[in-house]
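Letter by letter, the chains look like this.
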Amino acid sequence: MSLFIERLVNGLADGSIYALLALALVVVFRSTGQLNFAQGEIGTLGAFVVSTLTLSGLPVWLSILLAMFVGFVISAGVERVVVRPIEHRNPGAVIVALIGVFLAVNQLVAMFWGVDARGLPNVFPDQADDFVTILGAPVRIARLGVIGVLIVVLLLLWLMFNKTKIGLAMRAVANNQESSNLVGIRVGTILVVGWGLAGAIGVLAAALLAPSAGLTGTLMLGPFLLASVAAVLGGLDSPVGAVVGGLIIGLTEAFMVGYVDFLGADMLFPVMLVILLVVLLLRPSGLFGSERVERV
Amino acid sequence: MSGDALLAVTGLTAGYGPVEVLHGLDFTVGEGEIVVILGANGAGKTTTMRAVSGMIPRHGTVEFGGVDISGAKPDAIVRAGVSQVPQGRGTFTDLTVEDNLECGGYTVKGSIAEDLERWYGVFPRLAERRDQKAGSLSGGEQQMLAVARAMMSRPKLLLCDEPSLGLAPLITKELFKVLGNLRDEHGMSLLIVEQNAGMSLALADRAYVLETGSIVATGTGDELLADDTIKEAYLGVVN
Amino acid sequence: MNLPVRVVKGSWQNWLGRVVLFGGVGLFMFRAMNEWSRSGLGLLTDALIIAIAVTGLNLITGYTGQLSLGHAAFFAIGAFTSAMLVTGKVWSPFFTDNIWTPGWTMPVAAVVCFLIGMVVGIPALRLKGIYLALVTLVFTEAVRALFKYGEFEGVTGGATGIKGFGYLPPSWTGLDGRSDLVKWFFWLSLAILVVVSILSAGLLRSRIGRAMVAVRDNETAAAVMGVNLFSIKTLVFGLSGAIAGVAGSLYALKLTLVDADIPIFGLFGSVTLLVALVVGGAAQNWGPFVGAMFYVFVNDFARGVGEAPSDAVILGWFVDSGTKINGLGGVTFGVLLILFARFVPFGAVGTMRMWRSKLVQVVPRVPAVAGVVDSRSSGPLGEEGSGSVDSTPSSIGAVESPGPIDPDRPDSPS
């Protein structure tokens, strides 16, 4: 039982990180109908920024906020400078451009920070004795903290989308760009803000993952892939779907590694493929996705 | 005439890529006037609307309230007081009725609570359904929503792109009554492009006939209604 | 002389153009073989192998409009099939000795990938766009995981892979065993690319080819017109996979080893193939070749910039000779891709065609009815890819061709 609780919490914590990254992917997809291949790499770069800032003596939480701002600016810049000039002309070209951004950011990290792994301090207490006991199981506070961050981010996003003017405009743009333009919304600004927001969330996900996973240039490669699976599983245009998808994948991973010996971590992707196929063959637009979304 | 007109368009050309659709249109809309541009499919009606509201690149002058808005972006044109009801209604189908109206008031600084109540008063059906998704409304209700949404930006001029499209005759009649009320009770000016000659000309103060991107006839609504060639082309009746 | 010059399809001028094009490429290949260094020729061979795989991808993604990020899986399956057969890791029926020569493993790889490709085509009946792309991407990583899986180690080599095989040139080629190995693989790859390209062009001209394009342009309309979506999607996915499988087989034989951790067998490989396709020009017959050449040689150029930045333009002014900047090569390539997407959005071949169509146009042989060409030029309002004679639009690589521009139309330049 205690092992089960531990695995459950670990699965939810990893799932929260996938959910955050998947949320970032969904925010971008809703605004421009693109899968941002560079989302994970922008997160990695942000995590390295956190590392540099903490080394210079700033508190971790402040470093993360500043790095999120950097992620916002980079991601917004990608929309404005790289994607927008080609977007309406050719979806294939946009994919190539985003892969170019992926590569450039990935290698930029290698250029500035080298290829050696480094540690990243945790924003939550993470010493050996920092755990609480739930139903007899020791649960690390840092892991609970990650789940807490997801809940806070969800709350903030909900407030933004439903209670602010810019959130309303973002929903309008996601639904109908032409009409948004006609009611006087500056669609371009909204797209930049959406991409920027996604960049910031991606950095947050990376900064939460790095303390346990170790900070390297390939930090977000696996998580990006799993987050994409999560986003597709939940429905690419559904924030709720992203969260549910992320948690499903985190739990699947934790329980598979924990309880299915003959599969273990090595067979993660074959299992993901089976899950994806089962869900998508029943619901081709994901669990919570709306059917009409198809802009590729 | 263009001196005191609310909207004065001269030499308007526009198109898509290398294809020119409008070949130099001149028309005006006066204060408190309903002007109808009548045209068949492919005549350039929607292009005219998109050109006036700044959605596509255009040449020529568009003056609104004496100010040149030819180079303005769509949001600036909305702020200036020109609001459009797009073809096919263009409601935000995933958003609630109330969200739709709030989007309509996006450019308004300050509270829009009074505007909401005012247009709920004009369209009680929308008030009943304020928390419903716009996509779940009937075609007629969505058209009313589109009109109300456009009015939320407190415009002086309302552009309506084929409002009767896809509506049953009875609903169209109701809609045109509403559009007439906007002029008579709210002092609005309207520019309507239509295929439905009978109902729109009956409502219009003045009308133009658009054919393959050029204006070929103009007159008051009644004059055009009495014109045999118009009757033949747009009403399908010959005396 | 009025531009563009119109050339009737099949006329001697049209044939002259083709002879010049093919002759030029042939001459280039001939010179490369005789004058290039071994490493240069090796790189060219890599480009040819990638071009074969991209030719396969072009069938399903370029012409049929099904976005696949799964072709590295076929590439890997082809490679492992060859490696397993040649080294006798799998059961050979009726024979105690291993009968598989390297050359004969290639058609087997093709058949295996064809069958698996047909199965992968089934989800494509329900899934579209990014959803399909993601599923095929996960398929790639799943296949890689299966090859690595410890339980299968006896057959696939597990985490260490399979080593110790190769493909020496047969005696009839007149090439000398090991010293001419580079030339042998160069010729073999070139020959296979030519054969595959001809077969693919033939397929596109057939009923199936027209059905493929119909499915891409409007699936519902195609189905209504009687195209069997199930047959077309599974068949083309199968053929497409088979071609990628042959490329993988060739790759393994050239490399003389397979290992599931080789990047091109995973996510990276699928992305490489898609980038090469788009960069070359999706749904263009020369696209895979040009895209693969671009990918391999520009990547090599970028790597050179990273390794010796002092030799590069502009950058060289700021960098001391002898320094090596870690990551600069990748950044350079990434930026080049971004710029390419921005300025050559329809791929190299698509853009070259657009330029060429301003000078020369190939028009079909039609009875001289007045207005035939005009009606095409004033087609629907700026619709993407409307009306160009010898290029076809695609969901991913659409050539926004203005169509033949009629100099007599007053409003055509805008």
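These notes cover the structure that comes with them. Since this is a predicted model, take the numbers as computed values, not measurements.

**Comments concerning the overall build of chain C**
Move 1: Helices and strands together make up the secondary structure of chain C, namely 16 helices and four strands.
Move 2: Per-residue burial for chain C yields a buried fraction of 47% across its 414 residues.
Move 3: Partitioning the contacts of chain C with sequence separation of at least 6, the portion at a separation of at least 24 is 74%.

**Side note on the overall build of chain A**
Move 1: When you go through chain A residue by residue, the secondary structure sums to eleven helices and two strands.
Move 2: Reading chain A from its N end, one meets helices and strands in the order α-α-α-α-β-β-α-α-α-α-α-α-α.
Move 3: Along the longest, intermediate and shortest principal axes, the C-alpha atoms of chain A span 60 × 50 × 35 Å.
Move 4: Going through the 296 residues of chain A one by one, you find that 57% of them count as buried.
Move 5: Taking the contacts inside chain A whose residues are at least 6 apart along the sequence as the reference set, 73% of them involve residues at least 24 apart.

**A few points about unusual backbone geometry**
Residue and element names in this part refer to chain B.
Move 1: Phi angles above zero are rare outside glycine, and arginine 89 is one such case at about 75 degrees.
Move 2: Here arginine 89 shows up in the loop between strand S6 (82–85) and helix H3 (97–104).
Move 3: Residue arginine 89 is classed as buried on the basis of its C-beta count, with 26 C-beta atoms lying within 10 Å.
Move 4: Positive phi, normally seen in glycine, also occurs at threonine 212, with a value near 35 degrees.
Move 5: Position of threonine 212 among the secondary structure elements: in the loop between strand S9 (206–211) and strand S10 (214–220).

**Some details on helix H1 (residues 2–32) of chain A**
Residues and elements named next belong to chain A.
Move 1: Along its 31 residues, H1 runs 45 Å from first to last C-alpha, staying within 8% of the 45 Å computed at 1.5 Å per residue.
Move 2: With 24 of 31 residues buried, H1 lies mostly within the body of the structure.
Move 3: At the exit of H1 stands glycine 33, carrying a positive phi of roughly 70 degrees.

**A few points about the interface of chain A and chain B**
Move 1: Opposite the 14 residues of chain A that make contact, chain B presents 21 residues.
Move 2: Mapped onto the side of chain A that touches chain B, the elements with two or more residues apiece are helix H6 (165–175) and helix H7 (177–182) of chain A.
Move 3: Here the side of chain A that touches chain B takes five residues from H6 of chain A, the largest share from any one element.
Move 4: Counted by class, the side of chain A that touches chain B contains six nonpolar, five polar and three charged residues.

**Focus: the sheet that holds S10 of chain B**
Residues and elements named next belong to chain B.
Move 1: Strand order in this open sheet of six strands is S6-S7-S8-S3-S9-S10, and the pairing throughout is mixed. The sheet is open, and its two borders are formed by S6 and S10, each paired with just one other strand. Sheet twist, expressed as the mean angle between neighbouring strand axes with direction ignored, is 20 degrees.
Move 2: Across six bridges, the pairing between S9 and S10 is antiparallel. Counterpart to alanine 207 in the pairing with S10 is glycine 219.
Move 3: The sheet contacts of helix H6 (residues 139–151) involve S6 and strand S7 (157–161), and relative to S6 the element is tilted by about 170 degrees.
Move 4: Relative to strand S8 (residues 189–194), helix H7 (residues 169–186) is tilted by about 155 degrees, and along the sheet it contacts strand S3 (34–39), S7 and S8.

**Here's the deal with the interface of chain C and chain A**
Move 1: The interface is formed by 46 residues belonging to chain C together with 43 residues belonging to chain A.
Move 2: Only helix H5 (129–148), helix H11 (267–280) and helix H14 (328–343) of chain C provide two or more residues apiece to the side of chain C that touches chain A.
Move 3: When residues of the side of chain C that touches chain A are assigned to their parent elements, the largest contribution, twelve residues, is made by H5 of chain C.
Move 4: When the residues that make up the side of chain C that touches chain A are grouped by side-chain class, the tally is 33 nonpolar, seven polar and six charged.

**Structural notes on the pairing of S7 of chain B**
Residues and elements named next belong to chain B.
Move 1: Along S7, five of the five residues are buried, which leaves the element largely enclosed by surrounding structure.
Move 2: Because side chains alternate across S7, one face comprises the buried residues Leu157, Leu159 and Asp161, and the other comprises Leu158 and Cys160, equally buried.
Move 3: As judged from the four bridges shared by S6 and S7, these two strands associate in the parallel manner. Pairing of serine 83 across the sheet is with leucine 158, part of S7.

**Focus: the pairing of strand S2 (residues 137–140) of chain A**
Move 1: Across four bridges, strand S1 (residues 131–134) of chain A lies against S2 of chain A in antiparallel orientation. When the bridges of S2 of chain A are listed, phenylalanine 131 of chain A appears paired with arginine 140 of chain A.

**Observations regarding the sheet that holds strand S2 (residues 19–29) of chain B**
All names here are of chain B.
Move 1: Taken together, four strands build an open sheet; the order of strands is S2-S1-S4-S5 and the sheet is antiparallel. The strands lining the two open edges of the sheet, one partner per strand, are S2 and strand S5 (67–68).
Move 2: In this sheet, strand S4 (residues 58–64) lies alongside strand S1 (residues 7–16) in antiparallel orientation, the contact comprising six bridges. Note on S4: the bridge partner recorded for valine 9 is valine 62.

**Some words on the environment of leucine 158 of chain B**
All names here are of chain B.
Move 1: One can find leucine 158 in strand S7.
Move 2: Under the C-beta neighbour-count criterion, leucine 158 is labelled buried, with 25 such atoms within 10 Å.
Move 3: Residues leucine 158 and serine 189, 31 residues apart in the sequence, show an inter-C-alpha distance of 6.3 Å.

**Considerations on the packing of helix H2 (residues 38–63) of chain C against helix H7 (residues 181–205) of chain C**
Residues and elements named next belong to chain C.
Move 1: As a packed pair, H2 and H7 sit with axes 9 Å apart at the nearest point and diverge in direction by 20 degrees. By the angle between their axes, H2 is roughly parallel relative to H7. Seen from above, H2 lies across H7 with left-handed handedness. Residues Arg38, Leu41, Gly42, Leu44, Thr45, Leu48, Ile49, Ala51, Ile52, Thr55, Leu59 and Tyr63 of H2 touch H7, and the partners they reach there are Val182, Phe185, Phe186, Ser189, Leu190, Ile192, Leu193, Val196, Ser197, Ser200 and Leu204.
Move 2: Per-class residue counts for the contact of H2 with H7 are 16 nonpolar, six polar and one charged.

**Thoughts on the environment of glycine 140 of chain B**
Residue and element names in this part refer to chain B.
Move 1: As for its placement among the helices and strands, glycine 140 is situated in helix H6.
Move 2: A tally of 18 C-beta atoms within 10 Å means that glycine 140 is categorised as partly exposed.
Move 3: Measuring from C-alpha to C-alpha, the distance between glycine 140 and isoleucine 171 comes to 6.2 Å, with 31 residues separating the pair along the chain.
Move 4: If sequence neighbours within four positions are ignored, glycine 140 has contacts with Leu167 and Ile171.

Definitions and limits used
- Residues numbered from 1 in each chain as written.
- Chains lettered and ligands numbered in written order.
- Predicted model: local features only at pLDDT ≥ 70, side-chain atom pairs only at ≥ 80, totals over all residues.
- Helix = DSSP H or I, 4+ residues; strand = E, 2+ residues; numbered from the N terminus.
- Buried ≥ 20, exposed ≤ 12 C-beta atoms within 10 Å, placed from the backbone.
- Contact = placed C-beta atoms within 7 Å.
- Expected span 1.5 Å × (residues − 1).
- Nonpolar A, V, L, I, M, F, W, Y, C, P; charged D, E, K, R; others polar.
- Pairing = 2+ DSSP bridges.
- Axes fitted to C-alpha atoms, helices over the stretch in contact; angles between N-to-C directions.
- Parallel < 35°, antiparallel > 145°, perpendicular 65-115°, else oblique.
- Left-handed = near helix turned anticlockwise from the far one by under 90°.

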